[in-house]
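Descriptive structure summary
Here is how the chains run, residue by residue.
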Amino acid sequence: RWDISRRSLPADSEVWFAAKSVWETYPRAMTGITIGVLVQSVLITGFLLNHIRRKRVEAALQQSESRYRQVVDSQRDMVCRYTGDAVLTFVNDAYCEYFGRSREDLIGSSFLKLVPQERHPEVREKLRGLVDEKQTVIYEHQVVRSDGSIGWMQWEDYPILNERGEIAELQGIGRDVTKRREIVDALRQSEERFAGIFQGSPAAIGIIRQSDGRLVEVNRSWETFFSVTRDRAIGATLSEIGLLSHPKSEKRFRQFLHSGKSLEGFEQKLVTPGGETRWMRLSYKLITLDGEACYIVMSKDITGQKEAEDAR
């Protein structure tokens, strides 16, 4: 009653009529409130920590995405992402520069607009295969370049799957192969011209591999001149088809092959597999075909000329 502090009283004092504290008056309620406050504090602390952690993850993701974008944009190869119906969702700087268009113009539009109309079916077919098989595909197709000319690009496309194994997007890495295609086309045209000259020549022409003396190609005049079909000649030696019947002739022929020398205007009498005697003028020239040393042999029939000389 006189507001004497309990700390000032002797240890064995008895206190009467002291006012009870809230904890003494409502012990259960106060315990519940305290526990509730503690639980709320723990939850709030957890939420704050989770928020801080999420912010850190978001910052790390942003930094990682920024680095990824810098790496992708610095690539000389073209990188793009697109949906299953060929609508672009991402392009890098190299892609924009190659086609001469801004990122804003490209994203949201179909990349088929950059492909000649007549090439659309084959590109769509590749896309269908990519979506169905969910495997990387490598293919080439024509494109319309920034100056309006037609170029060639090689694409390596692969699917990007979500956690359920479904296709979320498709990504492609492309490179310009126009120069290589031009070289290949030029070589093909050159080979076609060579094949035309080779097959249309009136001279009998055969190609013999230097390493083993086997025929790798003959023209139609060769078949007629030697009375040997191409199917029988290819892969065989001259001895096996009966054009070198004497062992000494075969030995001299192999020595000549291994020498690597050229031969011009060499005249030789020949007995064909059919038993007919012919005179021929031979020319041997060492060339390289598909990385192998071969002799191209041109044979001219001079039987009539020899018979005329004998008659004179």
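Computed from a predicted model, the values in this text were never measured in an experiment. (Residues numbered from 1 in each chain as written. Predicted model: local features only at pLDDT ≥ 70, side-chain atom pairs only at ≥ 80, totals over all residues. Heavy atoms only, no water.)

Time to look at helix 9 (residues 247-259). For helix 9, spanning 13 residues, the distance from its first C-alpha to its last is 19 Å, which sits close to the expected 18 Å at 1.5 Å a residue. Considering only its buried residues, helix 9 is in contact with strand 6 (204-209), strand 8 (263-271), strand 9 (277-289) and strand 10 (292-301). Positive backbone phi, at 75°, marks G260, one or two positions downstream of helix 9. (Helix = DSSP H or I, 4+ residues; strand = E, 2+ residues; numbered from the N terminus. Expected span 1.5 Å × (residues − 1). Contact = heavy atoms within 4.5 Å.)

Turning to the layout of surface pockets, a few remarks are in order. Considered as a void within the structure, the largest pocket measures approximately 440 Å³ in volume. When residues of the lining of the largest pocket are traced back to their parent elements, those giving at least two are strand 6, helix 7 (220-226), helix 9, strand 8, strand 9 and strand 10. Across the lining of the largest pocket, the residue classes tally to 16 nonpolar, 4 polar and 1 charged. Lining the second largest pocket are E191, F194, A195, F198, I207, V216, E217, L289, D290, E292 and C294. For the lining of the second largest pocket, the secondary structure elements donating two or more residues are helix 6 (178-200), strand 7 (215-218) and strand 10. The leading source of residues in the lining of the second largest pocket is helix 6, at 4 residues. Partitioned by chemical class, the residues of the lining of the second largest pocket number 7 nonpolar, no polar and 4 charged. (1 Å grid on protein atoms, 1.4 Å probe; cavity = no way out; pocket = protein on both sides within 12 Å on 5 of 7 lines; lining within 4 Å. Points joined across faces, edges and corners; volume = space filled by probe spheres on them. Nonpolar A, V, L, I, M, F, W, Y, C, P; charged D, E, K, R; others polar.)

This part covers the side chain of D157. Tracing the chain through its elements places D157 in strand 4 (residues 150-161). Although D157 is buried, it forms no salt bridge, and the closest oppositely charged side chain is R175 at an N-O distance of 8.8 Å. A polar contact is formed between the side chain of D157 and the side chain of Y139, at a distance of 3.2 Å. Ignoring sequence-local partners within four residues, the contact set of D157 consists of Y82, L130, Q135, T136, V137, Y139, Q171, G172 and I173. (Buried < 20%, exposed > 50% of the residue type's maximum accessible area, 1.4 Å probe, protein only. Lys, Arg positive; Asp, Glu negative; His and termini not counted. Salt bridge = Lys/Arg side-chain N within 4 Å of Asp/Glu carboxyl O. Polar contact = N/O pair within 3.5 Å; in protein donor to acceptor, adjacent residues only side chain to side chain.)

The next thing to look at is the sheet that holds strand 8. Within a beta sheet, neighbouring strands are joined by backbone hydrogen bonds and run either parallel or antiparallel to one another. On the basis of which strands lie adjacent, the open sheet formed by 5 strands has the order 7-6-10-9-8 and antiparallel pairing. In this open sheet, the two strands that pair with only one neighbour each are strand 7 and strand 8. Looking at each pair of strands side by side, their axes are set apart by 30° on average, direction ignored. The strands touched by helix 9 within the sheet are strand 6, strand 8, strand 9 and strand 10, with strand 10 carrying the most contacts at an inclination of about 125°. Contacting strand 8, strand 9 and strand 10, helix 10 (residues 303-311) crosses the sheet at an angle of about 140° to strand 9. (Pairing = 2+ DSSP bridges. Axes fitted to C-alpha atoms, helices over the stretch in contact; angles between N-to-C directions.)

Examined against the element boundaries, R81 turns out to sit in strand 1 (residues 78-82). With a relative accessible area of 25%, R81 lands in the partly exposed category. Residues R81 and E192, spaced 111 residues apart in sequence, show a C-alpha to C-alpha distance of 40 Å.

This next bit is on the sheet that holds strand 2 (residues 88-91). Spatially, the 5 strands line up as an open sheet ordered 2-1-5-4-3, and their pairing is antiparallel. Of all the strands in the sheet, just strand 2 and strand 3 (137-144) have a single pairing partner and so form its edges. In this sheet, adjacent strand axes meet at a mean angle of 30° when their direction is disregarded. Pairing of strand 3 with strand 4 involves 8 bridges; the strand directions are antiparallel. Within the sheet, the bridge partner assigned to Y139 lies in strand 4 and is W155.

The next point concerns the packing of aromatic side chains. Within this structure, the stated rule accounts for 9 aromatic pairs. Aromatic pair Y95 and W155: ring centres 6.2 Å apart, planes at 50°, arrangement tilted. With Y95 in helix 3 (residues 93-99) and W155 in strand 4, this pair connects stretches of sequence that are 60 residues apart. Across the pair, exposure class does not vary: Y95 and W155 are buried alike. Both rings, one in Y98 and one in F99, keep their centres 5.0 Å apart while their planes meet at 85°; by these two values the pair is edge-to-face. (Phe/Tyr/Trp six-rings, centres within 6.5 Å; stacked < 30°, edge-to-face > 60°.)

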